[in-house]
Every structure is written in C-alpha cells, then in structure tokens.
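# Survey of secondary and tertiary structure
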There are 2 protein chains.
Amino acid sequence: MTTPQGTAARNTRQRSAVATLLSQVEGFHSAQELHAMLRDRGERVGLTTVYRTLQALADAGDIDVMRPPGGEQLFRRCSDGHHHHLVCRTCGRTVEVAGPAVESWADRVAEQHGFVDVSHTLEIFGTCRECAAGR
Amino acid sequence: MTTPQGTAARNTRQRSAVATLLSQVEGFHSAQELHAMLRDRGERVGLTTVYRTLQALADAGDIDVMRPPGGEQLFRRCSDGHHHHLVCRTCGRTVEVAGPAVESWADRVAEQHGFVDVSHTLEIFGTCRECAAGR
DNA sequence: GCGTTTTTGACAATCGTTCTCATTTTCAGA
DNA sequence: TCTGAAAATGAGAACGATTGTCAAAAACGC
Ligand SMILES: [Zn+2]
Ligand SMILES: [Zn+2]
Ligand SMILES: [Zn+2]
Ligand SMILES: [Zn+2]
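A brief report on the enclosed structure follows. (Residues numbered from 1 in each chain as written. Chains lettered and ligands numbered in written order. Predicted model: local features only at pLDDT ≥ 70, side-chain atom pairs only at ≥ 80, totals over all residues. Heavy atoms only, no water.)

Moving on, we get to the protein's contact with DNA strand D. The environment of DNA strand D is formed by 20 residues, the closest being Thr12(A), Thr49(A), Arg52(A), Tyr51(B) and Gln73(B). Protein-adjacent atoms of DNA strand D, using a 4 Å cutoff, are sugar or phosphate at a proportion of 68%. Contacts to DNA strand D include Thr12(A), whose side-chain N or O atom sits 2.6 Å from a phosphate oxygen. When residues of the surface near DNA strand D are traced back to their parent elements, those giving at least two are α1 (13–24) and α3 (47–59) of chain A together with α3 (47–59) of chain B. Here the surface near DNA strand D is built from residues that sort into three nonpolar, ten polar and seven charged. (Near = heavy atom within 4 Å. Polar contact = N/O pair within 3.5 Å; in protein donor to acceptor, adjacent residues only side chain to side chain. Helix = DSSP H or I, 4+ residues; strand = E, 2+ residues; numbered from the N terminus. Nonpolar A, V, L, I, M, F, W, Y, C, P; charged D, E, K, R; others polar.)

What follows deals with the pairing of strand β5 (residues 94–97) of chain B. All names here are of chain B. With four bridges connecting them, strand β4 (residues 84–88) and β5 associate as antiparallel partners. Its bridge partner being in β5, His85 is matched across the sheet by Glu96. If you look at the hairpin formed by β4 and β5, you'll find five residues sitting between the two strands, and Gly92 has a positive phi there, around 85°. (Pairing = 2+ DSSP bridges.)

Bringing the protein's contact with DNA strand C into the picture now. Surveying the vicinity of DNA strand C reveals 18 residues, the closest of which are Arg10(A), Tyr51(A), Arg10(B), Thr12(B) and Arg52(B). Near the protein, within 4 Å, the atoms of DNA strand C are sugar or phosphate in 68% of cases. For DNA strand C, a base nitrogen lies 3.4 Å from a polar atom in the side chain of Thr48(A). Thr12(B) is positioned such that a nitrogen or oxygen atom in its side chain is 2.6 Å from a phosphate oxygen of DNA strand C. The set of elements that each furnish at least two residues to the surface near DNA strand C consists of α3 of chain A together with α1 (13–24) and α3 of chain B. Along the lines of polarity and charge, the residues of the surface near DNA strand C split into two nonpolar, nine polar and seven charged.

Below, the structure written as structure tokens:
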C-alpha cells in the first residue's frame, strides 16, 4: 500500500495533480480520460507522465486497475483492502464487492496445486437496473 | 456453445486448420503464435484470418480467452463448461479449476444489486511448485 | 457449372501504451 | 541561498497487438 523500495520518490506538481484528481473523481477512468480532465482543469501534465504516475500508483497498490474484456485499462482510487467490482456493461456504473469466501477459495485451490505467492483477478459484469429498464 | 445465428457458416481450409491446431496444441497461445505454428506446419493462413477465426470461436464459446495483466490475449481450446484458470506467473503452466461456490456467489451478489445478464472473469495467478523450487 | 454470398489476405490504419532523450525540476547537502 | 547529482518531465517517435480495407478467391445451393 505504501512505497516499498529504498529509492527516494520526489514530490512534483504533476504527481500531486494526478493524485488529487483521482481523489475527487468517481468511478473508473482511462489514462487518456484522466489526462483530458487535467487539461480541462488547467493542469498541464504530459500524457506520458499520467501513464507513469498511474503505473506507479497501481504498483504501490494505491489505486485499482481494471482491464475490461475489450478495451483499455481503467484506473480508480478505491477503498482500502482487497475487493472486486460489479460493473454495468452499458453505463459503467460500478459497485465494490467483497467476498471473503472467494478469497479463501482461491488461495485454497492454488495451494492444493502447489502454487505459492497467489493473487487473483475477479470482475463481475452485468446490466444494472436502470439500464435494464430503459430498453 | 454452438452457433446461435441463422446465417450459414462455411467450411474453409483455413478454419479447419485453426480448429485442428487448437485441438492438438497444449496450453494458451496468442494469435500470432498460432499463426506461426500454422506456418511451420505448412498451412498457409493469413494472420487476419487467424484473428477472425479465434474471435468467432471465442464468441461461440468454443475456446477460452485469457487476458493476462500485461500482455496480449491468449486462446485455448478447453474442456466444456464454465471454469477458470490457475496460471503460473513464471512458466505459464495452467490448471483448470471449477468453483461452483464462486459462480453462485457472483450471481447472488449481482442479483442483490439489481444486475441482470451477469457474467464474470476470474483468473488465479501464482508460482507453481517447479518454478518456486528452481530459484 | 453458375451466380451469389462469404471468406480470404496483403497491406494500411488504428490505438493504447511505452521508449527516447534533451530539458527541467527536485532536494540533500554545502 | 547556492550547487549539483539524481530524478522527473514531456513532445514526439516508436511499438505492438489488433482491426479495417477491398479486390481477388473460394464455397455451396441450385
Ligand atoms: Zn479477491
Ligand atoms: Zn479453460
Ligand atoms: Zn511455473
Ligand atoms: Zn466462474
């Protein structure tokens, strides 16, 4: 969740801008979307830097990364702790869900097959009530 | 699992070649890898066609598609029925796993939030026994 | 066979992401 | 505050997987 290495990370205007934006915006957004939002706010941050910063935040576990089946990766600041997402295919509405049973199941299955250092990805997709109604 | 539409699908040498290859090869492979394998076998199939055929097979549910965190999508003919994969991060060794409890949990969670037409993706990653030993 | 319809495939185009590298910024000392 | 080594930035090029284009080739009901 925090910086693991020994090398010093420096505070820059750009990193603050990205972090601040992520803390104020709702839901998942692509790197390019976030870049555009920063531009609209008058913050001048290069696209490359947005990518690099998001990468670093993701590596540090400070943000969530989701890779929907047919698109680019999406980023989101989200609540602490391990959890998964229920995403509407149509409108993108997202609900965070926790599933302790799933976590232990995944670990147990991996362990039974001799795997160590286990992690997993899990996303649930569907059509939300609103989108199902308006059709 | 089978062709749903009413339009006729034609039998071509290329589609047979891809299907045959998938039925004989082990594990997950990218479209480009499969294309290269076909070339090595002397089968002349365009890369575009390989992509299209894999796409169709995936849409029909006849093959499995996996999108590992940092790479291209991988394809694999696999056993019938819904299941997930336990993949070694180092050597790519793959184990198919079934988790009825997870399935019903996902459906239940989605339902509780008013979502319909639910699907999900779940992959477990880890280091297999062999790879953990040789290190 | 014939003709219509689908499929193919070489190539261009797209698009998200990463690389390059010269310039700018940070920040721990002095 | 000043300095300089190290880190960070960003414009643009490069990359790599995938998709689009469209004329030529194959499939198949008749
Ligand atoms: Zn989990
Ligand atoms: Zn499978
Ligand atoms: Zn392994
Ligand atoms: Zn499942």
